[in-house]
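Overview (structure and organization)
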Amino acid sequence: MVTLQLSCPIIVKPQAKLPILGLARNQQKHLSKLPSSFPASLYICSSQEPHYPIPLFPPVDQSVAAVVFGDGSESRLYPLTKRRSEGAIPLAANYRLVDAVISNCINSNINKIYALTQFNSTSLNLHLSRAFSGILRGKDGFVEVIAAYQSLEDQDWFQGNADAIRRCLWVLEEYSVTEFLILPGHHLYKMDYQRLIEAHRNNKADITIVALNAIRDKHPGFGFLRVNPANQVIEFSMKSEREKITSISGKSSRKSDSVASGNFPSMGIYLINRDTMSRLLKEYLPEATDLGSEVIPAAISIGMKVEAYLFDGYWEDMRSIGAFYHANMECIKRSNMTYNFYDRDCPVYTMPRCLPPTMIREAVIRDSVVGDGCIINRCKIKGTIIGMRTRIGDGAVIEDSVIMGADFYQQGEDIQSSGKCINHKAIPVGIGEDTQIKKAVIDKNARIGKNVLIINKDGVQEGDREANGYIISEGIVVILHGAEIADGSII
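Here the structure is a predicted model, which means the values were calculated and not measured.

1. Focus on the overall build of the protein chain
Helices and strands together make up the secondary structure of the protein chain, namely eight helices and 32 strands. Burial statistics for the protein chain: of 491 residues in total, 54% are counted as buried. A sequence separation of at least 24 residues applies to 67% of the contacts in the protein chain between residues at least 6 apart. Here the protein chain displays about 22,300 Å² of accessible surface, and carbon together with sulfur accounts for 50% of that area.

Structure (structure tokens):
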């Protein structure tokens, strides 16, 4: 039994999962020697874990390392990613997006976690180093940030996730792990990775790809799997969002029954054997830069055993401003179909902060989530996420919005604890008196003046007013980080 403690006002001691159990695994020199038809069952993550009397596989905390990617060169969440990576975007008042993925690892007893970062990574690197440095201390575990670097051999930055892993193998292979779990760091979901690892090992797979158990209106963009009745991936294709054609594909020579086959969207999560990863990136594909579009299709084509693991729980890949907005709004709903931040068995870890309790003065607040250290005066709030250190003035009305809060409190000479501005030369950080906000995302450290209307009065769906401190995406007004909206403005 492993107990994890988080040094914050509320100490949570989650019960660690049991080590992966199952049948012994035979070492293989090359997977092309495997029989073409290998019996396997279709694994769904919500199924009950089987129990075996004798553990023959090495425990997960010693044999699996997670590799988390917290950013990308092309973000779909701009302008929230103008000065930060996707994984560092604030979520649900107190958290960052990357917290959900790191917490999945900790709750799944994976205590060797590497975070590979590059684009706008300062905020993410700082958060990871502060939030998780002490959680795995004493358990032979860590969360280690590996920032993009240049060397004598490689003068360029990381060219993609495959290139990043290849260049960091000298660090990743420091411990005698048997598998690498590759994870995007900006997705919101809960998954017991131990079940994934168990399925992977029982199937004697080289690579296991996690896929959604249902086709959604908008595919995630990580490709599609064609799976045969034996649960083997026989084709992997990348479908372009602009061109409705298959742009990149890898096919296996294995025969399949097309009637019983299934097509599932990939989640961009891969469990790859250590020796398989090394062979693919160093020997077969030394110039490949991307796992999804190059490495996985090639592995299928050369006959490696690639399995599918289907996930049927809540999952949001934050593909747009609208998706991010709705994910925050769902945090307020009382539903079993959304992400649960209050799960006692699978807590969400984040950076412990020494903030005072939120101060509320005669405010009317309904169906909302309020973070720590806020100063909320006589205002009305409904269906809204209020981030840490948010100051809201008298008479403000806020509905169906995401207020990310602030990184600091203003000094006493600038603003009183009541929220009234003393220094009239500048608008204080926060929401001013008598301001109305509806269906908006207010990024951190924004200065919203008095009598401001942020209501998208003209019903604009898309609009770029970045020079004025805001944009409109999918009908949602997004106020930029540190933007100043003058008194009496109407948006």
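Further notes follow.
2. Some details on the packing of helix α2 (residues 97-107) against helix α3 (residues 122-131)
Two elements in contact, α2 and α3, have axes separated by 11 Å at closest approach and are oriented at 40 degrees. For the element pair α2 / α3, the angle class is oblique. As for the relative orientation of α2 and α3, their crossing is right-handed in sense. Note on element contacts: α3 touches α2 through Leu124, His127 and Leu128, opposite Val98, Asp99 and Ile102.

3. Comments concerning the nonpolar core
Residues Ile454 and Ile479 are the most contacted members of the largest nonpolar core, which totals 55 residues. Elements with a minimum of two residues in this core: α2, α8 (321-330), β20 (385-386), β23 (402-403), β26 (440-442), β30 (470-473) and β31 (476-479). For this core, the leading source of residues is α8, giving five residues. Ile454 has contacts with Gln436, Ile437, Lys438, Ala440, Ile442, Ile448, Val477, Ile479 and Ile491, leaving out every residue within four places of it along the chain. Formed by 45 residues, the second largest nonpolar core is a distinct cluster that contains Ile165, Phe180, Phe236 and Ile296.

4. Concerning unusual backbone geometry
With omega at 15 degrees, the peptide bond leading from Tyr78 into Pro79 counts as cis. Here Pro79 shows up in the loop between β1 (64-69) and β2 (90-91). Even without being glycine, Asp400 reaches a positive phi, approximately 50 degrees. Relative to the helices and strands, Asp400 is located in the loop between β22 (397-399) and β23.

5. Focus: the confidence of the model for the protein chain
For the protein chain, mean pLDDT is 82; residues scoring 70 or higher make up 77% of the total. In this model residues 255-260 is a low-confidence stretch, pLDDT under 50, and it forms eight contacts with partners more than four residues away in sequence or in other chains. Predicted confidence is poor over residues 413-419, with pLDDT under 50, and the contacts of this stretch with residues over four places away or in other chains come to 18 contacts.

6. Here's the deal with the packing of aromatic side chains
Enumeration over the complete set of coordinates arrives at six aromatic pairs. Connected via pairs of aromatic rings, a cluster forms that spans Tyr95, Tyr339 and Phe341. The side chain of Arg167 reaches across the aromatic face of Tyr149, ending 5.2 Å from its centre. The positively charged end of Lys190 is found above the aromatic ring belonging to Tyr339, 5.2 Å away from the centroid.

7. Regarding the packing of helix α4 (residues 161-172) against helix α6 (residues 274-284)
One can describe the packing of α4 onto α6 by two numbers: an axis separation of 10 Å at closest approach and a directional angle of 105 degrees. Here α4 is positioned roughly perpendicular relative to α6, judged by the angle of their axes. Across from Ala162, Ile165, Arg166 and Leu169 in α4, the residues of α6 making contact are Met277, Ser278, Leu281 and Lys282. Taken together, the residues that form the contact of α4 with α6 break down as five nonpolar, one polar and two charged.

8. Considering the pattern of salt bridges
Applying the stated criterion to the full structure yields 17 salt bridges. Residue Arg84 is joined to Asp443 by a salt bridge in which the shortest nitrogen-to-oxygen separation is 3.0 Å. One end of the pair, Arg84, is in the loop between β1 and β2; the other, Asp443, is in the loop between β26 and β27 (447-448), with 359 residues separating them in the sequence. Arg84 sits in the buried class, given a relative accessible area of 7%. Residue class for Asp443 comes out buried when judged on its relative accessible area of 2%.

9. Notes on α2
Counting buried residues in α2 gives 11 out of 11 residues, a clear majority hidden from the surface. Note on α2: the residue one or two positions beyond its end, Asn109, has a positive phi of about 70 degrees.

10. Focus on the pairing of strand β4 (residues 112-117)
Counting buried positions along β4 gives six out of six residues, so the element sits mostly inside the fold. The sheet contact formed by β1 and β4 spans four bridges and is parallel. Residue pairing across strands places Phe69 opposite Leu116, the latter belonging to β4. Inspection of the sheet shows β4 paired to strand β5 (residues 142-147) by six bridges, in the parallel sense. By the bridge assignment, Thr117 is partnered in β5 with Ala147.

11. Some words on the pairing of strand β6 (residues 179-184)
Most of β6 sits inside the fold, with six of its six residues counted as buried. Going residue by residue along β6, you find Glu179, Leu181 and Leu183 tucked away on one face and Phe180, Ile182 and Pro184 tucked away on the opposite face as well. Judged from the six bridges that link them, β1 and β6 form a sheet pairing that is parallel. Within β6, the position partnered with Val68 by the bridge is Leu183. Inspection of the sheet shows β6 paired to strand β12 (residues 262-273) by four bridges, in the antiparallel sense. The residue bridging Glu179 from the neighbouring strand is Asn273, located in β12.

12. Description of the sheet that holds strand β16 (residues 364-366)
A sheet is described by the order of its strands in space; here five strands give the open sequence β16-β19-β22-β25-β28, paired in parallel fashion. The outermost strands of the open sheet, each flanked by one partner alone, are β16 and β28 (453-454). Note: β16 against strand β19 (residues 380-382), three bridges, orientation parallel. Pairing of Arg366 across the sheet is with Lys382, part of β19.

Reading guide: rules and limits
- Residues numbered from 1 in each chain as written.
- Predicted model: local features only at pLDDT ≥ 70, side-chain atom pairs only at ≥ 80, totals over all residues.
- Heavy atoms only, no water.
- Helix = DSSP H or I, 4+ residues; strand = E, 2+ residues; numbered from the N terminus.
- Buried < 20%, exposed > 50% of the residue type's maximum accessible area, 1.4 Å probe, protein only.
- Contact = heavy atoms within 4.5 Å.
- Areas by Shrake-Rupley, 256 points an atom, 1.4 Å probe, with all protein chains shown as cover.
- Axes fitted to C-alpha atoms, helices over the stretch in contact; angles between N-to-C directions.
- Parallel < 35°, antiparallel > 145°, perpendicular 65-115°, else oblique.
- Left-handed = near helix turned anticlockwise from the far one by under 90°.
- Core = buried A, V, L, I, M, F, W, Y, C linked by side-chain atoms within 4.5 Å.
- pLDDT = per-residue confidence, 0-100.
- Phe/Tyr/Trp six-rings, centres within 6.5 Å; stacked < 30°, edge-to-face > 60°.
- Lys NZ or Arg CZ within 6 Å of the ring centre and 35° of its normal.
- Nonpolar A, V, L, I, M, F, W, Y, C, P; charged D, E, K, R; others polar.
- Salt bridge = Lys/Arg side-chain N within 4 Å of Asp/Glu carboxyl O.
- Pairing = 2+ DSSP bridges.

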